[in-house]
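Architecture and fold: a report
These are the residues of each chain, in order.
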Amino acid sequence: MSQKVRVRFAPSPTGPLHIGGVRTALYNYLFAKKNNGDFILRIEDTDSQRFVPGAEEYIIEALTWLGLKFDEGTHIGGTHAPYRQSERKEIYKKYVDILIQKGAAYIAFDTPEELTAKREAVSNFQYDASTRGEMRNSLTLSQEEVQSLIDAGNQYVVRFKIEAGQEVLVNDVIRGEVKYNSSVLDDKVLYKSADHLPTYHLANIVDDHLMEITHVIRGEEWLPSAPLHVLLYKAFGWEDSMPQFAHLPLLLKPEGNGKLSKRDGDRLGFPVFPLEWKDPQSGEISSGYRESGYLPEAVINFLALLGWNPGNDQEIMSMEELIQLFALEKCSKSGAKFDYEKGKWFNHQYIQLRPNSEIAAIFYPILQDKGIEYPLQYIETVVGLVKERVSFVKELWDQASFFFVAPTAYDEKVVKKRWKEESPSQLSELAEVLKGIEDFSSHNQEEIVKGWIESKGYHLGNIMNAFRLAVVGESKGPHMFDITATIGKEETIARLQKAILNIK
């Protein structure tokens, strides 16, 4: 490829970034890095009505947390600045004027009331080649009338002039060649005098051209806009440098019908935003993957496989592996079901892959909140024993609380089932055996205790079940002698003695 690959992620700052948007950003990033290209952040804030304070900062923080590093953008600058569309007004006006001069666009003065009346009078009304001759625009008014309306301060829009009956071809990397007839397209508004801002369509084309974007990788919902964009490239004479399009499959509800929404997350209890979001107007808080305890690399791996397949059976992939394997041609044409249970599975896998020291560092503040202070090395040992049982770090407490706090109560069902008449006397004997063990390592304890049980002719299961109940308070936890080796001899014997006195 002679030209350097340049892709952009171009969100609108209208609220939190949806997980579908995160996946679009990820695919852009993977494609750019695979091809030694540039990954650019552009903020498309031309819709001033829908602008939400804090949304741009949220987008940047979310993608930074996930490890998606931009080469250019609003927050880092670059050779194609500015990267915020509201700061590029003058640029767009120049290109609007070019289209008008070429006869590829025209000025329309129709008021919202006039357009509403027309829509009520004509069923399925569309402002296009068949109707524009009946409307108030620079094609039906004289030059003098147009100028006097502008001079008088009348608001207007600039519309793209689409000729009917043309075949428009959109070459899509994922979907192949898609054909459209221009007759189905309306004369889209490109610019509004009310706020001196372009609409998405014009700004998008001008920016992609000026920023030398080589590939436009975006969601499937933009596919119907693609023929308009192709026609705009042609109108500007930029056909030869037009980027390649790739329209990604939608993320579908877990049930598979319809687009994934925030309501699905609320209904089924999973986040649809990367970070927690507090709505600046309503104050409503929406959960985020970060705050829910997901590791960023788990979210990346999970999202990468929603709509793309590397062509092998590998599921766990580092960012480097994803970059190496990624290809747009391997993206699915059909929507991908959002399997949030699979997301939990990925998180579980990545907790196992992370060093115990890192998981202990995440678990440490949870313990502090409970007023528990232990050396990090001890917490690391505990994490190593129980982390295979959890999908989230916050679940470690449920699995490991007995390593930090002796039981104050004993599970009644387990007492009924596991505490025998002879348990108190047998555990008293066991306490004496443990007192005599100098090397309190797991392996050594196990050898001595099992030897003692055998020599006494006791039932191994009965002793070990009562032993676990006394130390843990219920019938859960890792290997019994790993627990006692970790909490130590004194604590183990103290718990046995307490259980003998308290379990009835």
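Note: the structure precedes this text.
Residues numbered from 1 in each chain as written. Predicted model: local features only at pLDDT ≥ 70, side-chain atom pairs only at ≥ 80, totals over all residues. Heavy atoms only, no water.

1. A look at the side chain of Ser-423
Along the polypeptide, Ser-423 turns up in helix 16 (residues 423-435). The contacts of Ser-423, once residues within four sequence positions are left out, are Arg-418 and Ala-466. (Helix = DSSP H or I, 4+ residues; strand = E, 2+ residues; numbered from the N terminus. Contact = heavy atoms within 4.5 Å.)

2. Regarding the packing of aromatic side chains
According to the stated counting rule, one finds 27 aromatic pairs in the structure shown. With a centroid separation of 5.2 Å and 75 degrees between ring planes, the pair formed by Tyr-374 and Phe-404 is classed as edge-to-face. With Tyr-374 in the loop between helix 12 (356-369) and helix 13 (376-386) and Phe-404 in the loop between helix 14 (396-400) and helix 15 (412-418), this residue pair connects regions lying 30 residues apart in the sequence. Where Trp-452 meets Tyr-458, the ring centres are 5.6 Å apart and the plane angle is 75 degrees; that geometry is what we call edge-to-face. According to the relative accessible area criterion, Tyr-458 is partly exposed, its value standing at 23%. Each member of the aromatic cluster is reached from another via a ring pair, and the members are Phe-270, Phe-302, Phe-338, Tyr-340, Trp-345 and Phe-346. A cation sits over an aromatic face here: Arg-159 above Tyr-127, 3.8 Å from the ring centre. The cationic tip of Lys-342 hangs over the ring face of Trp-345; the distance from NZ or CZ to the ring centre is 4.3 Å. (Phe/Tyr/Trp six-rings, centres within 6.5 Å; stacked < 30°, edge-to-face > 60°. Buried < 20%, exposed > 50% of the residue type's maximum accessible area, 1.4 Å probe, protein only. Lys NZ or Arg CZ within 6 Å of the ring centre and 35° of its normal.)

3. Re helix 18 (residues 460-472)
For helix 18, with 13 residues, the first-to-last C-alpha span of 18 Å sits near the 18 Å given by 1.5 Å per residue. Restricting attention to buried positions, one finds in helix 18 the residues Ile-463, Met-464, Ala-466, Phe-467, Arg-468, Leu-469, Ala-470, Val-471 and Val-472. Tucked into the core, helix 18 has its buried residues touching helix 15, helix 16, helix 17 (442-456), helix 19 (480-487) and helix 20 (489-502). One or two residues past the end of helix 18 sits Gly-473, with phi positive at roughly 100 degrees. (Expected span 1.5 Å × (residues − 1).)

4. Re the packing of helix 3 (residues 89-102) against helix 6 (residues 200-210)
When two helices pack together, their arrangement is given by the angle between their axes and by how far apart the axes lie. Two elements in contact, helix 3 and helix 6, have axes whose closest approach is 10 Å; the angle formed by their N-to-C orientations is 105 degrees. In terms of orientation, helix 3 and helix 6 fall into the roughly perpendicular class. Of the residues in helix 6, those touching helix 3 at Ile-91, Tyr-92, Tyr-95, Val-96 and Leu-99 are Leu-202, Ala-203, Val-206, Asp-207 and Leu-210. When its residues are assigned to classes, the contact of helix 3 with helix 6 shows 9 nonpolar, no polar and 1 charged. (Axes fitted to C-alpha atoms, helices over the stretch in contact; angles between N-to-C directions. Parallel < 35°, antiparallel > 145°, perpendicular 65-115°, else oblique. Nonpolar A, V, L, I, M, F, W, Y, C, P; charged D, E, K, R; others polar.)

5. What about the pairing of strand 6 (residues 167-172)?
Residue alternation in strand 6 divides its side chains into a buried set, Val-168, Val-170 and Asp-172, and an unburied set, Glu-167, Leu-169 and Asn-171. Where strand 6 meets strand 7 (residues 176-181), 6 bridges bridge the pair, whose relative direction is antiparallel. Residue Asn-171 lies in a different strand from strand 7, and its bridge partner there is Glu-177. Hairpin connection between strand 6 and strand 7: a loop of 3 residues separates the two successive antiparallel strands. (Pairing = 2+ DSSP bridges.)

6. Thoughts on the packing of helix 16 against helix 20
As a packed pair, helix 16 and helix 20 sit with axes 10 Å apart at the nearest point and diverge in direction by 165 degrees. Here helix 16 lies roughly antiparallel to helix 20, going by the angle between them. Read as a crossing pair, helix 16 and helix 20 show a hand that is left-handed. Side by side, helix 16 and helix 20 meet where Pro-424, Leu-427, Ser-428, Leu-430, Ala-431, Leu-434 and Lys-435 of the first sit next to Lys-489, Thr-492, Ile-493, Leu-496, Gln-497 and Ile-500 of the second. Across the contact of helix 16 with helix 20, the residue classes tally to 8 nonpolar, 3 polar and 2 charged. (Left-handed = near helix turned anticlockwise from the far one by under 90°.)

7. As for the environment of Tyr-191
As for its placement among the helices and strands, Tyr-191 is situated in strand 8 (residues 189-192). Measuring from C-alpha to C-alpha, the distance between Tyr-191 and Val-96 comes to 7.3 Å, with 95 residues separating the pair along the chain. When residues no more than four places from it in sequence are discounted, the contact partners of Tyr-191 are Lys-93, Val-96, Tyr-156, Val-157, Val-158, His-196, Leu-197, Pro-198 and Thr-199.

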